[in-house]
Amino acid sequence: MKRLLRLLEKRSALILLAVLVAAFAIGDSSTFLTGSNFENIARQIALDAPMVFGETIVLIVGGIDISVGAVMAMSAALAIGLQPYGTPVAVVAALAFGAAVGVVNGILVTRGRIVAFVATLGTMSVVTGMVLTYTKQRPLVGTDENFAWWGGGQIGPLPVPLVIVLILLVAIWVLLEHTRAGRQLYAVGGNHDAAFLGGISINRALVGAFTLSGFLAGVAGVLVASRLDSASSQLGGDAPLTAIAAALIGGASLLGGRGSILAAFIGVLALGVLSNGMDLLGIPTYTQIAIHAVILVAIVAIDALATGLRRRNAALLRISE
Amino acid sequence: MTTSIKTAGQDENLKPGLATGGPERLQVWLGFLRNNTALLLLVALIIAGSFASPVFFTPRNLLNILWAVSILGVVALGQTLLLLTCRFDMSVAAVVGFSGIVTVLAQIGGFGLYPSIALGLLAGAAVGLCNGLLVLATGANPFLITLGTNLLVYSIALSLTHSKTLYATAPGFNVLGRGQLFGFLHYSVILLVVLAAVFEFVLRRTVFGRTIFVTGLNETAGRLSGLRIQMTKLAAFVLCSTLAALAGIIMTSRINSTVANSGFGMEFDSIIAAVLGGTSLFGGHGGTLRTLIGVLVLGVINNLLVLLNVPIEAQQIAKGTVFLLVVWADGALRRG
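These numbers come from a predicted model, not from an experiment. (Residues numbered from 1 in each chain as written. Chains lettered and ligands numbered in written order. Predicted model: local features only at pLDDT ≥ 70, side-chain atom pairs only at ≥ 80, totals over all residues.)

Re the overall build of chain B
Now for step 1: Helix and strand counts for chain B stand at 14 helices and four strands.
Now for step 2: Its C-alpha radius of gyration of 20 Å places chain B within 12% of the 20 Å reference for a compact globule of 336 residues.
Now for step 3: Out of the 336 residues in chain B, the part that is buried amounts to 52%.
Now for step 4: Expressed as a percentage of contacts within chain B between residues at least 6 apart in sequence, the contacts between residues at least 24 apart total 78%. (Helix = DSSP H or I, 4+ residues; strand = E, 2+ residues; numbered from the N terminus. Rg over C-alpha atoms; globule rule 2.2 N^0.38 Å. Buried ≥ 20, exposed ≤ 12 C-beta atoms within 10 Å, placed from the backbone. Contact = placed C-beta atoms within 7 Å.)

Concerning the overall build of chain A
Now for step 1: A count of helical and extended segments in chain A gives 14 helices and four strands.
Now for step 2: Compactness check: chain A gives a C-alpha radius of gyration of 20 Å against a globular reference of 20 Å for 321 residues, within 12% of the reference.
Now for step 3: If one aligns the C-alpha atoms of chain A with their principal axes, the spans along those axes are about 65 × 50 × 35 Å.
Now for step 4: Counting across all 321 residues of chain A, residues that qualify as buried make up 50%.
Now for step 5: A sequence separation of at least 24 residues applies to 78% of the contacts in chain A between residues at least 6 apart.

Quick notes on unusual backbone geometry
As a rule of thumb, non-glycine residues mostly have phi less than zero, and peptide bonds are mostly trans rather than cis.
Now for step 1: Positive phi is not limited to glycine here, since A:Lys136 has a value of about 50 degrees.
Now for step 2: Looking at A:Lys136, the number of C-beta atoms within 10 Å reads 11, which means it is exposed.
Now for step 3: You will see that B:Cys86, though not glycine, has its phi angle at about 75 degrees, which is positive.
Now for step 4: Within the secondary structure layout, B:Cys86 lies in the loop between helix H3 (59–84) and helix H4 (92–108).
Now for step 5: Classification of B:Cys86 by C-beta neighbours within 10 Å gives buried; the count is 21.

Section: the interface of chain A and chain B
Now for step 1: Of the residues lining the interface, 34 residues belong to chain A; the matching set on chain B comes to 33 residues.
Now for step 2: Here the side of chain A that touches chain B takes 13 residues from helix H14 (residues 285–320) of chain A, the largest share from any one element.
Now for step 3: Here the side of chain A that touches chain B is composed, by residue class, of 22 nonpolar, nine polar and three charged. (Nonpolar A, V, L, I, M, F, W, Y, C, P; charged D, E, K, R; others polar.)

Remarks on helix H4 (residues 68–81) of chain A
Now for step 1: The first and last C-alpha atoms of H4(A) sit 19 Å apart over 14 residues, in line with the 20 Å expected at 1.5 Å per residue.
Now for step 2: The element H4(A) is largely enclosed, with a buried count of 14 among its 14 residues. (Expected span 1.5 Å × (residues − 1).)

Section: the packing of H4(B) against helix H11 (residues 229–255) of chain B
Residues and elements named next belong to chain B.
Now for step 1: Where H4 contacts H11, the two axes come as close as 7 Å, and the packing angle between them is 55 degrees. Put simply, H4 runs oblique to H11. Considering the relative orientation of H4 and H11, their crossing is right-handed. Here H4 contributes Val92, Val95, Val96, Gly97, Phe98, Ser99, Gly100, Thr103 and Val104 to the contact with H11, which in turn contributes Cys240, Ser241, Ala244, Ala245, Ala247, Gly248, Ile249, Met251 and Thr252. (Axes fitted to C-alpha atoms, helices over the stretch in contact; angles between N-to-C directions. Parallel < 35°, antiparallel > 145°, perpendicular 65-115°, else oblique. Left-handed = near helix turned anticlockwise from the far one by under 90°.)

With respect to the packing of helix H3 (residues 35–60) of chain A against helix H12 (residues 239–249) of chain A
Residues and elements named next belong to chain A.
Now for step 1: It is the contact of H3 with H12, at a shortest axis distance of 8 Å, that shows an interaxial angle of 65 degrees. Between H3 and H12, the angle is such that the two are roughly perpendicular. Where H3 crosses over H12, the two elements pack in a sense that is right-handed. Counting all contacts with H3, which are made through Asp48, Met51, Val52, Glu55, Thr56 and Leu59, the residues of H12 involved are Ala239, Thr242, Ala243, Ile244, Ala246 and Ala247.
Now for step 2: In terms of residue class, the contact of H3 with H12 is built from eight nonpolar, two polar and two charged.

Side note on the environment of A:Arg111
Now for step 1: Of note, A:Arg111 is situated in the loop between helix H5 (87–110) and helix H6 (116–135).
Now for step 2: Through-space distance from the C-alpha of A:Arg111 to that of A:Val207 is 9.9 Å; in sequence the pair is 96 residues apart.

What follows is the structure in structure tokens.
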């Protein structure tokens, strides 16, 4: 019975995805239901997915990370800008930068005792400043032709970024579901005090989650840079909101302790299908932004209402006992 | 998250009443520091600035700083009211652009000076009402909700202007943003100071103002005492948005034109200014006169960075760093 309930809850992302696919299939079947269009969707969501994975991990542990968009932009800038020193150096620097910002976020939240979203808002501002300073507000263009393979190449029939994302998906799934560290993340997010009394290091869990989130935003930055073969300060503006929304669709909660990486992936897929379908139907950009915004607000509002309901149910259970 | 914030507020509130034992002197010192950090910082910055640049401490430059911060200041006043209730508004950035656009479109459409300004303010108030109703009805995190409405209002502003610059047409409109009293003091500066003083009075001396503080400190206690907490929260959202709209109109009047993204970054800057001034991020502590000082600190920092030839992009790094330092110090001092 419990399993069934859990399945039902997790299915909300799937239902949304199915509805969207059905709607666009009916609306524009000639292009939507083609192999090349599915490849388009796959390439598009592969750029967002790492960030959503990171955001999901942070939400599970009870935090929130607003800095992911800025980190992605800076990592993209580094991955392009440092190519004269060799592409491996540039990529490693981009990933290391993401992880470093994550560590700083974690330290600010644990040692500095600053509320997660305020701390990451601060680092977002600093990192945005770094992006502006580093790019001098001009787009950077890549010099290494082989670099484009990571974002645009193919392995067999599959786009490279999708393969990378699937590898990340499996790795994070194993981490969250089948390792002690992963279960500890849920424990910390679910009940801070119980986790502490159970001998779990809260600080280590938080710093670990933020570091992973920063690193994954770095991965997203590298993939975006490779895909566009350029980087600019314009990247990643509404990325935090999109990442949080996708994670919430995937069943994560702003209160922590909940969420699954597979459902989060379906959440990204749903948002990807949505923008792709709107493009195909020729909906103007402004309207698309508006629709996007309405959906994001709706998701946050529904999450809040559902949380309120869960709390009330929990309170009722306690009374009936 | 909210619950932990509330308990922190309650504990804080109990402390002065329980001033028994402990290192009281330290408490007094910390209290003094906490209450005057922004002022000390401002004085230190002005002294440092006078040494660093010969241009800095001239009447003209100081008046320029005042003029430069007067728009952000109005936004920050509204943000302060919301922060006091332990809430935020990230949509002020879009509202600044949106209200200017509505005002200019009204002028183009044949409305006179005052009706067009009224329409601009009304547009802001409407956004605030939506924010407030959404947050209150769902109990959702105001930060994320207003981040979403920010995007929504921005997209509306974009579609109204088709991403182009609009020019104001009403005669006399630019007096608000460019006009000067006695030829040196801008009306917008006077407006900011008057608004700050009025809201400080409202906060300290009216039931509405006191209810705002209670909302930030202990909502449940306020409700049980028969205060209209929900209405107060809604009013705070509407006021915040309306003040952002006023700032947008002043900005439009100053440059006689408007674009959709003219408020870019103001959501963040207004929160920084309020927190710099000493308004707590967790509600219940602060005031609008303090925010005035916070805005001045930001203005002086910006001005000094320009005078010292620091690249304009680096200002963002400085602002973010100052913000993190202030938030950290705010928390550390409150715990200490």
